[in-house]
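Take a look at the letters that make up each chain.
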Amino acid sequence: MKIFRYLVALLLATGAAFSSEYNFEEALAGYSKIAKEISVRQITKEDEDRLFQLVIEILKNLAIQDFIFKYFNGSGFPNLAQHENDKKDNDIVANFTIAIYTLYRNLTDDLIREILKKSPLEMVSILREINALLQFVQADPRTYGHGQFKEKDGDITTVFATNEAIIRIMKPVILSCLLSNNAKIYKLSRVTSALYRAQQKVPPAETFKTALSSMKRSTADDSRIAVWICIEQF
């Protein structure tokens, strides 16, 4: 079962509300500390289960109502022709959004476990990128001087992820979520980097398989794509 659908179903069934006091950075730091400790030894099934539960707990606190990206004409996302940009950093923002959305929509229990077995610390970057995606989805467009952005139909929210919306809203989200603490460049997770490079030309399952086959414990990997934004444009 897709993990995001599991979480949404759980939250709707229990009537759970999202805690405004939840501290994502604190939870991620806690996971990272344990992942580092486990990464230096042979990973056991118990280690895997422990890490998996921590990841699920973070996702459960980040999860929002089920959503899907579309364009105003109702066509499916992504359509690369809709996201052509003259500026390099705008192109990076659009491609990142497409990649992390693809990862989120295809995230399963099995995929999480496979990543944890290969590199527990890989999930730190993935969780940070998912958080950025969900901040984009939850954004109030008026804060960014943007018009209609989403509409709700039953239990599903349609997000109109036009190129304009992505550049106007996701770009500042990346600045706050990925480029904080004076970081000028953020290196994407290896899984998201692989999806970024695939450009929708390769099925996600095949991209995941390729990325996992070469994944190492250490996150020091030149294959990770760098995300940067020209601050002067703001």
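See the structure shown above.
Below, the structure is looked at part by part. Source: prediction; values computed, not measured.

The rules we used
- Residues numbered from 1 in each chain as written.
- Predicted model: local features only at pLDDT ≥ 70, side-chain atom pairs only at ≥ 80, totals over all residues.
- Heavy atoms only, no water.
- Axes fitted to C-alpha atoms, helices over the stretch in contact; angles between N-to-C directions.
- Helix = DSSP H or I, 4+ residues; strand = E, 2+ residues; numbered from the N terminus.
- Parallel < 35°, antiparallel > 145°, perpendicular 65-115°, else oblique.
- Contact = heavy atoms within 4.5 Å.
- Nonpolar A, V, L, I, M, F, W, Y, C, P; charged D, E, K, R; others polar.
- Core = buried A, V, L, I, M, F, W, Y, C linked by side-chain atoms within 4.5 Å.
- Buried < 20%, exposed > 50% of the residue type's maximum accessible area, 1.4 Å probe, protein only.
- Left-handed = near helix turned anticlockwise from the far one by under 90°.
- Phe/Tyr/Trp six-rings, centres within 6.5 Å; stacked < 30°, edge-to-face > 60°.
- Pairing = 2+ DSSP bridges.

### With respect to the packing of helix 4 (residues 88–105) against helix 7 (residues 163–177)
- One can describe the packing of helix 4 onto helix 7 by two numbers: an axis separation of 9 Å at closest approach and a directional angle of 90°. Judged by the inter-axis angle, helix 4 sits roughly perpendicular to helix 7. Of the residues in helix 7, those touching helix 4 at Asp89, Asn90, Val93, Ala94, Phe96 and Thr97 are Asn163, Ile166, Ile167, Met170, Lys171 and Ile174.
- When grouped by side-chain class, the residues that make up the contact of helix 4 with helix 7 number 7 nonpolar, 3 polar and 2 charged.

### Quick notes on the nonpolar core
- Judged by nonpolar contacts, the single largest core of 69 residues is most densely connected at Tyr31, Phe67, Phe69, Leu103, Phe136, Met170 and Ile174.
- Broken down by element, this core gets its largest block of residues, 10 residues, from helix 6 (residues 122–138).
- Non-local contacts of Ile174, meaning those with residues more than four positions away in its chain, are made with Val93, Phe96, Leu179, Val227 and Ile229.

### Observations concerning the packing of helix 2 (residues 24–39) against helix 3 (residues 45–62)
- Closest axis-to-axis distance for the helix 2/helix 3 pair is 11 Å, and the angle between their directions is 170°. Here helix 3 runs roughly antiparallel to helix 2, going by the angle between their axes. Relative to helix 3, helix 2 is oriented so that their crossing is left-handed. Contacts between helix 2 and helix 3 involve Phe24, Ala27, Leu28, Tyr31, Ile34, Ala35 and Ile38 on the former and, on the latter, Asp47, Arg50, Leu51, Leu54, Val55, Ile58 and Leu62.
- Each residue belonging to the contact of helix 2 with helix 3 can be placed in one class, and the counts come to 12 nonpolar, no polar and 2 charged.

### Some words on the packing of aromatic side chains
- Under the defined criterion, the tally for this structure stands at 10 aromatic pairs.
- When the centroid spacing of 4.2 Å and the interplanar angle of 10° are considered together, the rings of Phe69 and Tyr101 count as stacked. Residue Phe69 is located in strand 1 (residues 67–70), and its partner Tyr101 is located in helix 4; the two are separated by 32 residues in the primary sequence. Just as Phe69 is buried, Tyr101 falls in that class too.
- Arranged with centres 5.2 Å apart and planes meeting at 85°, the rings of Phe77 and Tyr101 form a pair that is edge-to-face. With a gap of 24 residues between them, Phe77 in the loop between strand 1 and helix 4 and Tyr101 in helix 4 connect regions that are remote in the sequence.

### Here's the deal with the pairing of strand 2 (residues 150–153)
- One ladder, built from 4 bridges, connects strand 2 with strand 3 (residues 156–160); its direction is antiparallel. Residue pairing in the sheet places Lys150 in a bridge with Val159 of strand 3.
- Between strand 2 and strand 3, which pair antiparallel one after the other, the connecting turn spans 2 residues, and Gly154 there sits at a positive phi close to 70°.

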